[in-house]
Amino acid sequence: MNEVVKKTTGPAQAGSVAPGDASLPDLSRQGAEASLAERARRAARHGQFVLVLQGGGALGAYQVGVYQALHEAGIEPDWVIGTSIGAINAGIIAGNAPEDRLAKLDAFWRKVQQLPSLAALGGIAGVGPAMANWATVTYGISGFFRPNPLAFLGLDVPLAPDGAGYYSTRPLANTLAHLIDFERIKSGPTRLTVGAANVRTSEMRYFDSRDGSIALEHVMASGALPPAFPAIRIDGELYWDGGILSNTPVEAVFDDNPRKNSLVFAVHIWNPNGSEPETIRQVMNRQKDVQYSSRAASHIKRQRQLHRLRHVIAELVQRIPEAERDTPAVRELAAYGCLTRMHVVRLLAPSLDGEDHTKDVDFSAKGIRARREAGYRDTMDALRQMPWEGEVDALEGFVLHELQHGATMVEL
């Protein structure tokens, strides 16, 4: 594998956002390039545009910045795939008209924002942020989840199968019911896929609007992370958060049938790479990153191999004499070949100073804003560089472009 590193033109300048303001930053009017519309048109030549969103609680604010940059560039997804908080963001995107999506995303993140009193607590040097996050764990968030008193009576207290969790997610159901138009998902142009884990069989299930209706319970199931949140029942089966099996749902794109040429933005909010931890706090933080980055590197390696083999098969078939190509046996073998190409742009959310293992419950206005602005800057960098426009090996069906905060790693 050859690696080429290209320097970026530098991150976009963040807009002026008042402290504690969780509104979407208006960055496009401060130095955004007029050529972005042309770049959007050129991106469309690479086939369907797919947006893939990992799960990760409060870390999902990064995804809002990613979508904002794409939206301002005139790039709207043909297909959105998500798990957990990624499924919630994906549902809001697919379940609204393009001109309403940013406002609805903003409304959701305002709804799940920590109370101002916790923001003040979080300002205490050293221990403040952790105390604010633990307060969220203790009391919940009004628009998201609230404690389930029965669950705290003991580990063996009988609870209903779809009520066995430390929190109730009824507040989230009410919030999403007002923000997502599920009729639009059913009939609209944007395909939605959300991943959930079958509690009984431990199998991953991708609910796809192309194959059936997506309703509130499907999005809720994708975010039902145990033991915090109770399972969601769909057609008689219980489902948990898909992140416990596969938190990076890119496999839904790679294994889709029929395959299509695609430009895929895969948004990773857990860091697969990190330094060796030296304290218990660092161990707990790194453990979450390792667990929820969800074997992203091995997924990518496997898919590169598979897509190259498909291209090799297609090339070999062309070298068979035409008379033999038309025989049933050769036609059957040729069906394993495929000349589709997928350009995958992997965006990696940066770590914030002072974050720890509670970062996924950091619903502070400051944390939400910082992660959203990082997503915006990283996506603007990718759009300026357009690494998918470069030359690639004709036998490669999978090309990875990885943004590394200041440089883009292009794997050929």
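Residues numbered from 1 in each chain as written. Predicted model: local features only at pLDDT ≥ 70, side-chain atom pairs only at ≥ 80, totals over all residues. Heavy atoms only, no water.

Caption draft 1: Representation of the overall build of the chain. Within the chain, the secondary structure is distributed over 15 helices and 13 strands. In the chain, which comprises 412 residues, the proportion classed as buried is 52%. In the chain, 75% of the contacts between residues at least 6 apart in sequence involve partners at least 24 apart. Of the roughly 19,100 Å² of accessible surface on the chain, 54% is carried by carbon and sulfur atoms. (Helix = DSSP H or I, 4+ residues; strand = E, 2+ residues; numbered from the N terminus. Buried < 20%, exposed > 50% of the residue type's maximum accessible area, 1.4 Å probe, protein only. Contact = heavy atoms within 4.5 Å. Areas by Shrake-Rupley, 256 points an atom, 1.4 Å probe, with all protein chains shown as cover.)

Caption draft 2: Expanded view of unusual backbone geometry. Following P226, the chain continues to P227 via a peptide bond in cis, the omega torsion being -5 degrees. Within the secondary structure, P227 sits in the loop between α9 (216-222) and β8 (232-234). Here the residue pair N257 and P258 is connected by a cis peptide bond, since its omega of 0 degrees sits within 30 degrees of zero. Counting through the fold element by element, P258 comes out in the loop between α10 (251-254) and β10 (262-268).

Caption draft 3: The arrangement of the pattern of salt bridges in detail. Per the stated rule, a full pass over the model turns up 22 salt bridges. The partner of R304 in a salt bridge is E396, and the shortest N-O contact between them spans 3.9 Å. Linking R304 in helix α12 (residues 296-318) with E396 in the loop between α15 (365-385) and β12 (398-403), this pair joins segments that are 92 residues apart in sequence. One exposure class covers both R304 and E396, and it is buried. In this structure, E355 engages R371 in a salt bridge whose closest nitrogen and oxygen atoms are separated by 3.0 Å. (Salt bridge = Lys/Arg side-chain N within 4 Å of Asp/Glu carboxyl O.)

Caption draft 4: Fine view of the packing of aromatic side chains. For the structure on display, the rule yields 15 aromatic pairs. Ring geometry for F145 versus F229: centroids 5.4 Å apart, planes at 50 degrees, classification tilted. A residue pair is termed long-range when its members are at least 10 positions apart, and F145 in the loop between α6 (128-139) and β4 (146-147) and F229 in the loop between α9 and β8 qualify at 84 residues. For the pair formed by F145 and F229, the shared burial category is buried. Here a set of aromatic residues connected by ring pairs shows up, and it is made of F108, W109, F144, F145, Y167, F229 and F363. (Phe/Tyr/Trp six-rings, centres within 6.5 Å; stacked < 30°, edge-to-face > 60°.)

Caption draft 5: Quick look at helix α7 (residues 170-179). Listed as buried for α7 are P171, L172, A173, T175, L176 and L179. On its buried face, α7 sits against α3 (85-94), α4 (98-111), β4, β5 (167-168) and α9.

Caption draft 6: Quick peek at the nonpolar core. Ranked by internal contacts, the top residues of the largest apolar core, which has 68 residues, are L51, F108, W109, F265 and L347. The greatest single-element share of this core, amounting to seven residues, is contributed by α3. In this structure, I81, A252, V264 and V344 belong to the second largest nonpolar core, which totals 15 residues. (Core = buried A, V, L, I, M, F, W, Y, C linked by side-chain atoms within 4.5 Å.)

Caption draft 7: Quick look at the environment of G91. The residue G91 is located in helix α3 in this model. By relative accessible area, G91 is classed as buried at 0%. Here the alpha-carbon distance between G91 and I185, two residues 94 residues apart in the chain, equals 8.2 Å. In this structure, G91 is in contact with I180, I185 and L192, ignoring residues within four places of it in sequence.

Caption draft 8: Layout of the side chain of S168. In this fold, S168 is placed in strand β5. Given a relative accessible area of 16%, S168 falls into the buried group. Once residues within four sequence positions are removed from consideration, S168 is found in contact with F144, F145, R146 and N148.

Caption draft 9: Seen up close, the pairing of strand β7 (residues 204-208). Here strand β6 (residues 191-198) pairs with β7 via five bridges, running antiparallel. Paired with T193 across the strands is D208, a residue of β7. Counted along the chain from β6 to the antiparallel partner β7, the turn is five residues long, and its residue S202 has a positive phi close to 55 degrees. (Pairing = 2+ DSSP bridges.)

Caption draft 10: Examining the packing of helix α2 (residues 61-72) against α4 more closely. At a closest axis distance of 11 Å, the pairing of α2 and α4 adopts a crossing angle of 160 degrees. Judged by the inter-axis angle, α2 sits roughly antiparallel to α4. The element α2 and its partner α4 pack so that their crossing is left-handed. Across the interface between the two elements, A61, V64, Y67, Q68 and H71 from α2 touch P98, R101, L102, L105 and W109 from α4. Taken together, the residues of the contact of α2 with α4 break down into seven nonpolar, two polar and one charged. (Axes fitted to C-alpha atoms, helices over the stretch in contact; angles between N-to-C directions. Parallel < 35°, antiparallel > 145°, perpendicular 65-115°, else oblique. Left-handed = near helix turned anticlockwise from the far one by under 90°. Nonpolar A, V, L, I, M, F, W, Y, C, P; charged D, E, K, R; others polar.)

Bear in mind that shape data such as this cannot, by itself, settle questions of function.
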